[in-house]
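# Breakdown of the fold
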Amino acid sequence: MSAPTDKPQPEGRAGYKAFRTIGTRWMDNDAYGHVNNVVYYSWFDTVVNAHLIDQGVLDIHSGETIGLVIETQCNYFAPVQFPQTVEAGLRVARVGHSSVRYEIGLFVQGEPLTVAKGYFVHVYVDRATRRPTAVPAPLKKVLESLQ
């Protein structure tokens, strides 16, 4: 009988509420022939912020409220290489008074399981003062639709 493990495991697509296709670039590959780990974090930013912009709840140029990343984490299960296409799945695990935990699953196009998955936490702050502020109601509604 094997002991249960807490080791993170790949996940399927069903747990994610929204998807965005992201093309890899030649420069994403590192000396080892696969996409470098730092690129995955840029994909996390891309899928979250693009979704919020598309939904009309994030104005990156003049919005009064902005999200600052305070925590990130990523588990890697399989390599990605240029010229593969990534499909990034998005969900929200928790919406607090001023913070949100986004979870992202990265899939090679057409594949059923994540090649990587992770999360980041945004704290929403006033753009001018950089002090935490309540998640605005329109944003909160979009976030709750991702839960």
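Reference entry: report on the structure contained in this document. A quick note: this is a predicted structure, and the numbers were derived from the prediction, not measured.

Our focus in this paragraph is unusual backbone geometry. The linkage connecting Phe82 with the following residue, Pro83, adopts the cis geometry, with an omega of 15°. Counting through the fold element by element, Pro83 comes out in the loop between strand 2 (65-76) and strand 3 (85-95). One non-glycine residue, Arg130, lies in positive phi territory at about 60°. Structurally, Arg130 is set in the loop between strand 5 (116-126) and helix 2 (137-145). When its relative accessible area of 45% is taken as the criterion, Arg130 is described as partly exposed.

Attention now moves to the pairing of strand 3. Here strand 3 lies mainly inside the structure; 8 of its 11 residues are buried. Alignment of strand 3 against strand 4 (residues 99-108), held across 9 bridges, turns out to be antiparallel. Within the sheet, the bridge partner assigned to Arg91 lies in strand 4 and is Glu103. Two successive antiparallel strands, strand 3 and strand 4, enclose a turn made up of 3 residues.

Taking strand neighbours across the sheet as the criterion, the 5 strands line up as 1-3-4-5-2 in an open arrangement whose pairing is antiparallel. Of all the strands in the sheet, the pair left with one neighbour each is strand 1 (18-23) and strand 2. Across the sheet, the mean angle from the axis of one strand to that of its neighbour is 25°, orientation sign disregarded. Sheet topology note: the strand 2/strand 5 ladder contains 11 bridges and is antiparallel. If you follow Asn75 over to strand 5, its bridge partner there is Lys117. Set on the sheet, helix 1 (residues 37-54) makes contact with strand 1, strand 2, strand 3, strand 4 and strand 5; between it and strand 5 the angle comes to about 55°. Strand contacts of helix 2: strand 3, strand 4 and strand 5, with the helix running at about 115° to strand 3, the strand carrying the most contacts.

What counts, and at which threshold
Residues numbered from 1 in each chain as written. Predicted model: local features only at pLDDT ≥ 70, side-chain atom pairs only at ≥ 80, totals over all residues. Heavy atoms only, no water. Helix = DSSP H or I, 4+ residues; strand = E, 2+ residues; numbered from the N terminus. Buried < 20%, exposed > 50% of the residue type's maximum accessible area, 1.4 Å probe, protein only. Pairing = 2+ DSSP bridges. Axes fitted to C-alpha atoms, helices over the stretch in contact; angles between N-to-C directions. Contact = heavy atoms within 4.5 Å.

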